[in-house]
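Observations on the model geometry
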Amino acid sequence: MSDQRYHLIGVMGWPVMHSRSPMMHNYWFEQTGLPGRYVFLPLEPERLPEALRALPALNFAGANLTIPHKLQAMDIVDEVDEVARKIGAISCVVVRDDGSLWGANNDWRGFLGNLKGSVPGWQAGEGPATVLGAGGGSRAVCHALISEGAPEIRLVNRTGERADQLAADLGGPITVLPWEVRDDALDGATTVVNTTSLGMVGQPELDIGLEALGREAVVADIIYTPLETDLLARAKARGNRAVGGLGMLLHQGPPAWNLWFGLSPTVTPELRAMMEASIWGGG
Ligand code: ATR
């Protein structure tokens, strides 16, 4: 193997050592036989510009970005994908042949890939969606729902201005509702997504009554620690289909591989089991 053909990718974050991305991508390096490695790149925010600029010289094909770099990177890369600009965050950087940097966002693709893979036949167009939260995760989810033709998105957030800004940036059929009406906002919804941090390990539970929600609705959470949040457990118990957040991480991998290498690796049951085991073990 020539040195040029060794493919390097990394995840830049601070903190980053908890990230499951290296496990996932290195599984695919093994599966596909592509020579390469995916590494942790712990990086304080002030080092981001020089670190991104160094990627071509270090022979990296690209990188993933996680907290707190997703916003700042937009001002550093040479070109930002139109959707990433709309969502307001870059999750994936591609080093192009001429050494320039291109920023994309695959989180929304991950959300859709996970939902479609977990609930065959799911269609956004079937009815209103209710989205809880208006942070970065919500922006990716709302873009995904709009692109799939959701007729209405009820966006419920504690801080109204943040939801208003999201609606203005993304366009589409978004109605902003106050946090206090979250129970009623489920009435008639066919898709419900929690994008708040409520229900995550170490955070308070999401306090929402599911009584108004129809049994046909699909309930998704973008949280994956725990693998099944209290919201999902309650939804399942009353007969709703429930989709956890780990799949969103898994399914943003193949689009990234497509951008870096023109390949489409598979989210296998074995990979999912490996990732789940690492979360159960807390490792
Ligand atoms: P991310 O970018 O990962 O989506 P974020 O930007 O920190 O994370 O967003 C977290 C979301 O959880 C926000 O919608 C936040 O509401 P605010 O916009 O009002 O801050 C929501 N959230 C966090 N704690 C909350 C709480 N105790 N009650 C209601 N919403 C909460």
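Scroll up to find the structure this text is about.
Below, the structure is looked at part by part. (Residues numbered from 1 in each chain as written. Predicted model: local features only at pLDDT ≥ 70, side-chain atom pairs only at ≥ 80, totals over all residues. Heavy atoms only, no water.)

Let's talk about the environment of Lys116
In plain terms, the rule: Put simply, DSSP H or I for four residues or longer makes a helix, DSSP E for two residues or longer makes a strand, and each gets a number counted from the N terminus. Three labels apply to residues, based on accessible area from a 1.4 Å probe with only protein chains included: buried if under 20% of the type maximum, exposed if over 50%, partly exposed otherwise in between. Residue contacts are defined here by distance: any two heavy atoms, one from each residue, within 4.5 Å place the two residues in contact.
Within the secondary structure, Lys116 is located in helix H4 (residues 107-118). Judged by its relative accessible area of 39%, Lys116 is partly exposed. Those residues in contact with Lys116, other than ones at most four positions away along the chain, are Trp122 and Glu148.

Here's the deal with the sheet that holds strand E8 (residues 153-157)
Each strand in a sheet pairs with another by means of backbone hydrogen bonds, the pair being arranged parallel or else antiparallel. What counts, and what does not: Paired strands are those between which DSSP finds at least two bridges. A fitted line through C-alpha atoms represents every axis, and for helices the fit uses only the stretch in contact; the resulting angles, taken between N-to-C directions, go from 0 to 180 degrees.
Pairing within the open sheet is parallel, and its 6 strands lie in the order E9-E8-E7-E10-E11-E12. The sheet is open, and its two borders are formed by strand E9 (174-178) and strand E12 (241-243), each paired with just one other strand. Going across the sheet, the axis of each strand differs from the next one's by a mean of 20 degrees, ignoring polarity. As defined by bridge partners, strand E10 (residues 191-194) adjoins strand E11 (residues 218-221) across 4 bridges and the pair is classed as parallel. Bridge pairing links Asn194 to Asp221 in E11. Sitting on the sheet, helix H7 (residues 230-237) touches E10, E11 and E12, and the angle it makes with E11 is about 165 degrees.

Side note on the site of the ligand
To be explicit about the condition: Whether a residue is near a molecule or strand depends on its heavy atoms: if one lies within 4 Å, it is near. Polar contacts, as used here, are pairs of N or O atoms within 3.5 Å; protein pairs need one atom able to donate a hydrogen and one able to accept it. Residues neighboring in sequence count only if both atoms are side-chain atoms. Here, Shrake-Rupley sampling with a 1.4 Å probe gives the accessible areas, and only protein chains in the shown set may cover a residue. The nonpolar class holds Ala, Val, Leu, Ile, Met, Phe, Trp, Tyr, Cys and Pro. Asp, Glu, Lys and Arg form the charged class, and all remaining residues, Gly among them, are polar.
Taken together, the neighbourhood of the ligand is formed by 14 residues, with Ala134, Gly136, Asn157, Thr159 and Arg162 sitting nearest. Contact distances for the ligand include 2.5 Å between an oxygen atom and a side-chain N or O atom of Thr159. The backbone of Ser197 places a nitrogen or oxygen atom 3.4 Å from an oxygen atom of the ligand. Within the complex, 70% of the 650 Å² of free accessible area of the ligand lies under protein. Residues belonging to the shell around the ligand are distributed by class as follows: 3 nonpolar, 9 polar and 2 charged.

Just geometry here; none of it tells us what the structure is for.
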